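Coordinate analysis (summary)
The lines below spell out each chain.
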Amino acid sequence: MVMMDKNYRIAIIHPSMKIRGGSELVVFLIIDTLLSAGYLVTLFTSFYNETVWEKNQELDLFEYGNCHYKKAAEKMALRLSDYDLIISTNHPTNLILYFAKKINPFIHAKTLCYCQEPLRRLYLDYTDKHLIMNKSIFARYFSVILARINRVFNYILVSRDKRAYSTPDYLYANSQFTASHLFNIYDREAQVCNPASNVIQEDEIIYQNYFFTISRIEKQKNILNVIRAVKRLKETGQLLDYKYYIAGKGKYLSRLKRIIHKWKIDDCIIFLGSITDKERSEFFSNAAFTVFLPLDEPFGLVCIESLISGKPVICSSHGGVREIVRDTMDGFCVNETDVESIASAMSFFISDKEQAQKMGETGRLSVLQQFSLESFRERFIKIVDNVLSSM
């Protein structure tokens with residue numbers, strides 16, 4: 001990687017670094033990439049959890065606290081005039097930048113938005129179409145009407161959000177799936193820069209008798225249908241001695257625990273809670289395969305992490321995951337609401353370990369070519385270099 005001769009100053013604005021979520025992993029990777037290239041980087045965020053994120057000593061940090069986006073803009077406005085490039089990410093960072101520039105007209109930095117998803121609660125009829133389609137006909141129409149009414153009642157926020165998205169000099173998305181949402185919502189085309197994962201590749205790939213999911217435990221992540229498939233496999237004797245490990249936390253966790261206890265399958269389903277990066281790498285490396293079946297997923301780092309560890313993936317038939325997993329080559333892209341299809345794919349990998357290993361190796365080679373950590377670093381640095389050279 002080429003070191004920059006000039007110490008350009010780059011500000012990154014991200015809502016919060018409180019949890020170890022997918023978007024936060026990508027932001028952390030961007031920070032590390034820019035610091036490694038010789039840039040001076042400041043992270044502006046509401047909260048930085050140092051028990052979750054090890055802080056790079058070269059990183060300048062500004063925590064603006066838990067406040068309204070206009071208040072955050074007031075706190076940051078003067079400081080932002082010191083930067084050559086400002087990178088915004090998810091809501092409300094575009095709004096913060098928009099109002100900061102109104103407050104301080106001396107912010108002359110180039111601006112780049114790297115969007116991982118729009119504000120879903122405002123645009124559910126765009127961003128959550130598959131979730132809506134899985135409801136009853138009445139519930140579908142009600143959800144769409146409710147989303148539109150919600151935008152009417154939040155007219156000021158919607159208007160500001162759309163103005164804020166019109167102002168960045170450059171707009172990038174993490175996937176074609178997200179880029180299509182940005183175009184449909186904001187009538188603006190975004191370039192795509194797929195992120196990568198910094199999951200550690202273990203020296204030895206082992207195939208133990210378990211499969212793995214790591215995710216926020218929320219309804220939209222569709223873990224319940226995977227649990228239903230596990231129940232079916234156990235009842236038919238196809239589960240054998242396999243276990244299903246689920247890592248993550250979320251508001252849906254207690255309900256899922258009650259369900260597996262009621263169905264008497266808590267002997268084969270284990271909730272791990274939050275896990276460290278090292279544990280994350282080990283679980284991927286030792287699994288037989290990974291299951292990741294969310295609805296309307298913007299990208300899907302989990303799929304990259306699984307494949308780079310040499311493990312095939314059972315993933316959704318839509319969303320950003322389909323830009324990573326090739327059906328029947330790296331894994332299976334199944335109807336995420338069809339329990340029988342999920343169970344069939346899982347049974348295939350359980351019963352044919354040799355084929356599972358072949359598909360995992362095929363996926364590993366593909367991901368190393370398209371989604372490797374080094375290729376992402378090179379792509380992102382090239383984007384930043386091009387932006388700064390246009391100043």
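Given the structure is predicted, the values throughout are model-derived calculations rather than measurements.

**Points about the pattern of salt bridges**
- Enumeration over the complete set of coordinates arrives at 18 salt bridges.
- Among the ionic pairs, R148 bridges to D125, the shortest N-O distance being 3.8 Å. In this pair, R148 sits in helix 6 (residues 137-153) while D125 sits in helix 4 (residues 124-127), placing the two residues 23 residues apart along the sequence.
- Two residues, R326 and D330, come together in a salt bridge whose shortest N-O distance is 2.9 Å.

**Concerning the packing of helix 13 (residues 339-351) against helix 14 (residues 353-370)**
- Viewed as axis vectors pointing N to C, helix 13 and helix 14 meet at an angle of 105 degrees, and their least axial separation amounts to 5 Å. On the basis of the axis angle, helix 13 is roughly perpendicular to helix 14. Contacts between helix 13 and helix 14 pair F348, F349, I350 and S351 from the former with K353, Q355, A356 and M359 from the latter.
- Residue composition of the contact of helix 13 with helix 14, grouped by class: five nonpolar, two polar and one charged.

**Observations regarding the pairing of strand 9 (residues 243-247)**
- Relative to strand 9, strand 8 (residues 210-214) is paired through five bridges, and the arrangement is parallel. Bridged to F211 within strand 9 is Y244.
- This β-α-β element, strand 8 to helix 9 (residues 223-235) to strand 9, shows right-handed connectivity.
- Here four bridges tie strand 9 to strand 10 (residues 269-273), and the two strands are oriented parallel to one another. Considered in strand 10, the bridge of A247 is made with G273.
- Remark: the strand 9/helix 10 (residues 253-262)/strand 10 crossover connection has right-handed handedness.

**Considering the confidence of the model for the protein chain**
- With 97% of its residues at a pLDDT of 70 or more, the protein chain has an overall mean of 93.
- Ignoring residues within four places in sequence, the model shows residues 1-5, a span with pLDDT below 50, making twelve contacts including any to other chains.

**With respect to the pairing of strand 11 (residues 289-292)**
- Burial of the side chains of strand 11 extends over both faces: F289 and V291 are buried on one face and T290 and F292 on the other.
- With two bridges connecting them, strand 8 and strand 11 associate as parallel partners. Looking at strand 11, one finds that F211 is bridged to F289.
- Of the strand pairs in this sheet, strand 11 and strand 12 (residues 313-316) are connected by three bridges, and their pairing is parallel. For F292, the partnering residue across the bridge sits in strand 12 and is C315.
- Between the parallel elements strand 11 and strand 12, the chain passes through helix 12 (residues 301-308) in a crossover that is right-handed.

**Concerning the sheet that holds strand 4 (residues 85-88)**
- Read across the sheet, seven strands follow the order 3-2-1-4-5-6-7 without closing on themselves; strand pairing throughout is parallel. Strands at the two margins of the open sheet, each flanked by one partner only, are strand 3 (60-63) and strand 7 (191-192).
- Note that strand 1 (residues 9-14) and strand 2 (residues 40-45) share six bridges and pair parallel. From the neighbouring strand, H14 faces strand 2, where its bridge partner is T45.

**Description of the environment of K71**
- Note on placement: K71 falls in helix 2 (residues 69-80).
- Separated by 28 residues in sequence, K71 and F99 place their C-alpha atoms 9.3 Å apart.

**Focus: the packing of aromatic side chains**
- Per the stated rule, a full pass over the model turns up 23 aromatic pairs.
- With centroids separated by 5.1 Å and ring planes inclined at 85 degrees, the aromatic side chains of F212 and F284 adopt a geometry described as edge-to-face. Note that F212 is positioned in strand 8 and F284 in helix 11 (residues 277-286), a separation of 72 residues in sequence. Here F212 matches F284 in class, with each residue buried.
- Grouped by ring-pair contacts, the aromatic residues F211, Y244, F289, F332, F348 and F349 constitute a single cluster.

**Quick notes on the side chain of S88**
- Counting through the fold element by element, S88 comes out in strand 4.
- A distance of 2.6 Å separates polar atoms of two side chains, one belonging to S88 and the other to N94.
- Not counting residues within four places of it along the chain, the set of residues in contact with S88 comprises I13, T93, N94, L112, C113 and Y114.

Here is what the cut-offs are and how they apply
Residues numbered from 1 in each chain as written. Predicted model: local features only at pLDDT ≥ 70, side-chain atom pairs only at ≥ 80, totals over all residues. Heavy atoms only, no water. Salt bridge = Lys/Arg side-chain N within 4 Å of Asp/Glu carboxyl O. Helix = DSSP H or I, 4+ residues; strand = E, 2+ residues; numbered from the N terminus. Axes fitted to C-alpha atoms, helices over the stretch in contact; angles between N-to-C directions. Parallel < 35°, antiparallel > 145°, perpendicular 65-115°, else oblique. Contact = heavy atoms within 4.5 Å. Nonpolar A, V, L, I, M, F, W, Y, C, P; charged D, E, K, R; others polar. Pairing = 2+ DSSP bridges. Right-handed = clockwise from strand over helix to strand, strands pointing away. pLDDT = per-residue confidence, 0-100. Buried < 20%, exposed > 50% of the residue type's maximum accessible area, 1.4 Å probe, protein only. Phe/Tyr/Trp six-rings, centres within 6.5 Å; stacked < 30°, edge-to-face > 60°. Polar contact = N/O pair within 3.5 Å; in protein donor to acceptor, adjacent residues only side chain to side chain.

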